[in-house]
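Chains, contacts and geometry: an overview
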Amino acid sequence: MSQFNLILLGPPGAGKGTQAGRIVADYGIPHISTGDILRGAVKNQTAMGIEAKKFMDAGDLVPDSVVIGIVKDRLQEPDTAKGFLMDGFPRTIPQAEALDKVLESLGRDVTKTIVILVDEEDLVGRLSGRRICRSCQAPFHVIFNPPEVEKQCDKCGGELYQRVDDTEATVRNRLEVYRDQTEPLIEYYDRAGVVARIDGAQAPEAVYDDIRAALGPIPE
Ligand code: ADP
Ligand code: ADP
Ligand code: ZN
């Protein structure tokens, strides 16, 4: 694999953000998280952020046109030349088709879609205990992955906070949205023969070992 045009797919709480940090560090590709980009826009109260906030707070998807625009712009940046890791995008069939089109126009395609699978009962517990760094967005968990110092990021010392959409009612809706709109993407990428299914119920290190095995050696 000379290019690493990677997609991380899986339900909310599967561990995409957790694994993304390791993958991008090892493979030297940028982490493109539409959730992080949208939360940044909400925080800065840009027009896009104000529009997106109502969908995000309810656990619904932001309209395709908005996220497709974000990703198209991001793929123009030179740091994506050797590849990228999409985290939380695509989430609908139209988004996947739009991504295929952009990549095709760049003479590229999806190298691998890593699907992290976790049972639904486990996801609620993961999401309700999740804490995120305000500065670098690294995810922690009050029980499963606690920071060394309470409420402080191990990586950058930033303050940890709980996302407003990580409440039980919103989580239930997000899981339903995942099942209806995002899960069909597994079949979409199966047709392209690029899916690697990973058991996400294991400890984070074991999950990462399986991802590494699926991706193959790190390029020189
Ligand atoms: P999680 O990591 O828990 O799966 P994300 O941070 O990826 O959640 O997304 C948070 C919210 O941002 C979503 O519930 C949705 O409202 C919005 N969002 C992020 N990515 C997309 C996308 N590709 N399409 C539509 N909405 C998105
Ligand atoms: P996603 O980006 O898919 O929504 P995260 O990476 O943010 O998921 O993980 C969701 C929560 O579950 C976080 O609190 C994280 O610390 C925790 N977590 C991630 N991977 C595991 C794992 N393998 N076992 C237990 N908890 C995990
Ligand atoms: Zn941090």
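What counts, and at which threshold
Residues numbered from 1 in each chain as written. Chains lettered and ligands numbered in written order. Predicted model: local features only at pLDDT ≥ 70, side-chain atom pairs only at ≥ 80, totals over all residues. Heavy atoms only, no water. Donors = N, O, S within 2.8 Å, 3.2 Å for Na, K, Ca; no water. Tetrahedral: all angles 85-135°; square planar, octahedral: opposite > 155°, others 65-115°. Helix = DSSP H or I, 4+ residues; strand = E, 2+ residues; numbered from the N terminus. Pairing = 2+ DSSP bridges. Axes fitted to C-alpha atoms, helices over the stretch in contact; angles between N-to-C directions. Near = heavy atom within 4 Å. Polar contact = N/O pair within 3.5 Å; in protein donor to acceptor, adjacent residues only side chain to side chain. Areas by Shrake-Rupley, 256 points an atom, 1.4 Å probe, with all protein chains shown as cover. Nonpolar A, V, L, I, M, F, W, Y, C, P; charged D, E, K, R; others polar.

To continue, consider the coordination of the zinc ion (ligand 3). Those donors, Cys133 (SG), Cys136 (SG), Cys153 (SG) and Cys156 (SG), are the protein atoms that reach the zinc ion (ligand 3), and they lie 2.3 Å from it. Geometry at the zinc ion (ligand 3) is tetrahedral, judged from its 4 donor atoms and the angles of 98 to 116° they form at the metal. Within one chain, the residues donating to the zinc ion (ligand 3) are spaced in sequence as C-x2-C-x16-C-x2-C. Residue cysteine 133 is located in strand S5 (residues 130-133), and its partner cysteine 153 is located in the loop between strand S6 (139-141) and strand S7 (160-161); the two are separated by 20 residues in the primary sequence.

Bringing the sheet that holds strand S3 (residues 83-87) into the picture now. Read from one edge of the open sheet, 5 strands run S2-S3-S1-S4-S8, paired in parallel fashion. Strand pairing shows two members of the sheet lacking a second neighbour, strand S2 (31-33) and strand S8 (195-199), which therefore form its edges. Here the strands of the sheet are splayed against their neighbours by 20° on average, with no regard to which way each runs.

Let's shift gears to the site of ligand 2. Taken together, the neighbourhood of ligand 2 is formed by 19 residues, with Gly13, Lys16, Thr18, Arg130 and Phe140 sitting nearest. Within the backbone of glycine 13, one N or O atom sits 2.8 Å away from an oxygen atom of ligand 2. Contact distances for ligand 2 include 2.8 Å between an oxygen atom and a backbone N or O atom of lysine 16. In isolation ligand 2 exposes 560 Å². Once the protein is present, 92% of that is buried. Those elements giving two or more residues to the shell around ligand 2 turn out to be helix H1 (16-27) and S6. Tallied by class, residues from the shell around ligand 2 come to 8 nonpolar, 8 polar and 3 charged.

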